[in-house]
Amino acid sequence: MNVKYDVLVSASEISEKIMELGVELTELYAGEEVVVIPLLRGAFMFAADLIRVMDVPVRVEFLGAASYGAETVSSGEVRLTLDTSFPLHDKNVLIVEDIVDTGLTLAYIQKLLKSRNPRSIRSVVLLDKPSRRLVEADLHRTLFTIPDKFVVGYGLDGPGGFWRNLPDIVALREETENTHSE
Ligand code: IMP
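Everything quoted here is computed from the prediction, not taken from an experiment. (Residues numbered from 1 in each chain as written. Predicted model: local features only at pLDDT ≥ 70, side-chain atom pairs only at ≥ 80, totals over all residues. Heavy atoms only, no water.)

Considering unusual backbone geometry
The amide bond that connects leucine 40 to the next residue, arginine 41, takes the cis arrangement and shows omega of 0°. For arginine 41, the location among the structural elements is in the loop between strand E2 (34-40) and helix H2 (44-51). Phi is positive for aspartate 90, which is not a glycine, with a value near 65°. The topology assignment puts aspartate 90 in the loop between strand E5 (78-82) and strand E6 (92-100). By relative accessible area, which is 41% here, aspartate 90 ends up partly exposed. (Helix = DSSP H or I, 4+ residues; strand = E, 2+ residues; numbered from the N terminus. Buried < 20%, exposed > 50% of the residue type's maximum accessible area, 1.4 Å probe, protein only.)

Structural data, given as structure tokens:
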């Protein structure tokens, strides 16, 4: 593949921060069960690495959220594409999100899950793009703050749904943004 991109966060930096977060969450939830809820699809890789360094009883449920609109621009209208399969009442809920951009997706999901009366609800976020925030979401931890660039890799996709399998988080350069292969 002849692709040009700039690495913003390397795989080793991601792994180091996730280890730290795992230790923190293990202490925070000591003696308790946690329902970890990755938001599909972008957070699947982050969640898979995070739960392996959380030394507490963990269950995993998936939520799918998408916003209507062009691929790189959120329309502001969020819809649920997949819901959880068991009641969250009185559970410790840990939402795992890949990136908070406008904040609309996470704010929508938090409101939805709070209405199910969990014992606690927290959100851990891999990437924070604060410059584009439209609504505030309640962020327990964000691992990296990045500039206003469209990023892919480590679970996050780009045009055509590609790039999720890159181990680093990268910003595609303009000239390659719409050409995935060759
Ligand atoms: P928000 O609702 O604007 O905060 O957007 C959140 C969702 O948009 C994320 O869960 C991603 O799926 C997607 N998104 C926002 N920025 C990026 C990016 O730079 N790369 C890939 N996906 C992104």
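Now that the structure has been shown, the text picks up again.
As for empty space enclosed by the protein
Rolled over the atoms, a probe as big as a water molecule pinpoints where empty space is left. A complete count under the given rule lists one cavity of 30 Å³ or more for this structure. Sorting the residues of the lining of the largest cavity by element identifies helix H3 (104-114) and strand E7 (120-128) as the ones contributing at least two each. The residue makeup of the lining of the largest cavity, split by class, is one nonpolar, two polar and three charged. (1 Å grid on protein atoms, 1.4 Å probe; cavity = no way out; pocket = protein on both sides within 12 Å on 5 of 7 lines; lining within 4 Å. Points joined across faces, edges and corners; volume = space filled by probe spheres on them. Nonpolar A, V, L, I, M, F, W, Y, C, P; charged D, E, K, R; others polar.)

Observations concerning the site of the ligand
Asp101, Thr102, Gly103, Thr105 and Val151 are the nearest of the 15 residues found near the ligand. In the environment of the ligand, an oxygen atom lies 3.0 Å from a nitrogen or oxygen atom belonging to the side chain of glutamate 97. Interatomic distance of 2.4 Å between a side-chain N/O atom of threonine 102 and an oxygen atom of the ligand. For the ligand, whose free accessible area comes to 490 Å², the fraction covered by protein is 84%. (Near = heavy atom within 4 Å. Polar contact = N/O pair within 3.5 Å; in protein donor to acceptor, adjacent residues only side chain to side chain. Areas by Shrake-Rupley, 256 points an atom, 1.4 Å probe, with all protein chains shown as cover.)

Comments concerning the side chain of aspartate 128
Examined against the element boundaries, aspartate 128 turns out to sit in strand E7. Contacts of aspartate 128, omitting those with residues within four sequence positions, involve Val100, Arg133, Leu139, Thr142, Phe144, Thr145 and Ile146. (Contact = heavy atoms within 4.5 Å.)

Observations concerning the packing of helix H1 (residues 11-28) against H2
Orientation of H1 relative to H2, taken along the N-to-C sense of each, is 55°, at an axis distance of 9 Å. The angle between H1 and H2 falls in the class oblique. Handedness of the H1/H2 crossing: right-handed. Judged by residue contacts, Ile18, Leu21, Gly22 and Leu25 of H1 engage Phe46, Asp49 and Leu50 from H2. (Axes fitted to C-alpha atoms, helices over the stretch in contact; angles between N-to-C directions. Parallel < 35°, antiparallel > 145°, perpendicular 65-115°, else oblique. Left-handed = near helix turned anticlockwise from the far one by under 90°.)

Things to note about H3
For an α-helix, 3.6 residues make a turn, and residues three or four places apart therefore share a direction. Listed as buried for H3 are Leu104, Leu106, Ile109, Gln110 and Leu113. Along its buried surface, H3 packs onto E2, strand E4 (63-67), E5, E6 and E7.

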